[in-house]
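Structure at a glance
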Amino acid sequence: MPRATKTWAEKKRAKPPHTVTLDKDFAGAPAGSRLLISSPAEVEEFLSRKVPAGSTMSVQQMRRELAALHGADATCPVSTSIFLRAVAEAAWDDIEAGRSAGEVAPFWRVVDPASPLAKKLRAGSQWIEQQRLAESTPNQADD
């Protein structure tokens with residue numbers, strides 16, 4: 001009997017972050033480098049704690065900062081993309097269930113609306129752009 005498809009929240013559960021030493025060059029990191037394999041939980045926490053409202057950060061910058069936190073030379077781009085998608089889709093599930101954008105991991109601050117990842121997400125590029133604009137525009141009601 002085929003297994004039931006995991007929910008995005010279930011896909012967020014993974015091994016804790018760990019480093020590996022590369023045997024050969026990989027994704028711009030030379031053999032011998034320490035490569036961080038992060039986790040969905042760490043990516044989610046990073047988004048919530050390190051990328052404040054109204055700001056954005058590239059995935060590459062997030063990967064550099066995650067590597068630095070672990071004393072690694074680089075962070076795996078493949079697993080990071082997979083983990084970021086799981087976090088974003090789980091957040092979107094929560095938004096669709098009635099939670100506000102302020103109550104979920106702010107994936108829109110790192111996912112570039114023009115990126116291939118944004119086009120894969122159910123939230124979509126347009127929603128990401130709208131969220132970024134909403135966070136960068138001062139609230140006129142406070143005047």
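Every chain is numbered on its own, with residues counted from 1 as its sequence reads. Totals for whole chains, interfaces and linings use every residue, but because this is a predicted model, local features are given only for residues with pLDDT of at least 70 and side-chain atom pairs only at 80 or more, for both listing and counting. Side-chain numbers here rest on the full set of heavy atoms in the structure, without hydrogens or water.

1. Things to note about the pattern of salt bridges
Test applied: Take a side-chain nitrogen of Lys or Arg and a carboxyl oxygen of Asp or Glu: if they are within 4 Å of each other, that pair is a salt bridge. Runs of H or I in DSSP of at least four residues are treated as helices and runs of E of at least two as strands, each being numbered from the N terminus. Buried, partly exposed and exposed residues are distinguished by accessible area as a fraction of the type maximum, computed with a 1.4 Å probe on protein chains only: under 20%, between the cut-offs, and over 50%, respectively.
A complete count under the given rule lists seven salt bridges for this structure. The salt bridge partner of Glu89 is Arg122, with a shortest N-O separation of 2.7 Å. Of this pair, Glu89 sits in helix α4 (residues 77–96) while Arg122 sits in the loop between α5 (116–120) and α6 (124–136), placing them 33 residues apart in sequence. Judged by its relative accessible area of 39%, Arg122 is partly exposed. Linking Glu135 and Arg109 is a salt bridge whose minimum nitrogen-to-oxygen distance equals 2.8 Å.

2. Observations regarding the packing of helix α2 (residues 40–50) against helix α3 (residues 59–70)
Convention followed: What counts as an axis is a line fitted to C-alpha atoms, over the stretch in contact for a helix, and the angles between N-to-C directions run from 0 to 180 degrees. For this classification, under 35 degrees means roughly parallel, over 145 means roughly antiparallel, 65 to 115 means roughly perpendicular, and everything else is oblique. Note on definitions: a residue-residue contact is assigned when non-hydrogen atoms from the two residues lie within 4.5 Å. Think of it as three bins: nonpolar holds Ala, Val, Leu, Ile, Met, Phe, Trp, Tyr, Cys and Pro, charged holds Asp, Glu, Lys and Arg, and polar takes everything else, Gly as well.
Close contact between α2 and α3 brings their axes to 12 Å; oriented N to C, the two are set at 110°. In terms of their interaxial angle, α2 and α3 are classed as roughly perpendicular. Judged by residue contacts, Glu42, Val43, Phe46 and Leu47 of α2 engage Met62, Glu65, Leu66 and His70 from α3. Residues of the contact of α2 with α3, tallied by class, amount to five nonpolar, one polar and two charged.

3. A closer look at the layout of surface pockets
Spelled out, the test is: The distinction between a cavity and a pocket rests on a 1 Å grid over the protein atoms alone: a 1.4 Å probe fits inside a cavity but cannot get out, while a pocket stays open yet meets protein on both sides within 12 Å along at least five of seven lines, and a residue with an atom within 4 Å of a point counts as lining. Grid points are joined across faces, edges and corners, and a volume is the space filled by probe spheres set on the points.
Taken as a whole, the largest pocket spans an internal volume of roughly 170 Å³. Lining the largest pocket, in full, are Val59, Gln60, Arg63, Pro77, Ser81, Leu84, Val111, Asp112, Ser115, Pro116 and Leu117. Among the secondary structure elements, those contributing two or more residues to the lining of the largest pocket are α3, α4 and α5. Here the lining of the largest pocket is composed, by residue class, of six nonpolar, three polar and two charged.

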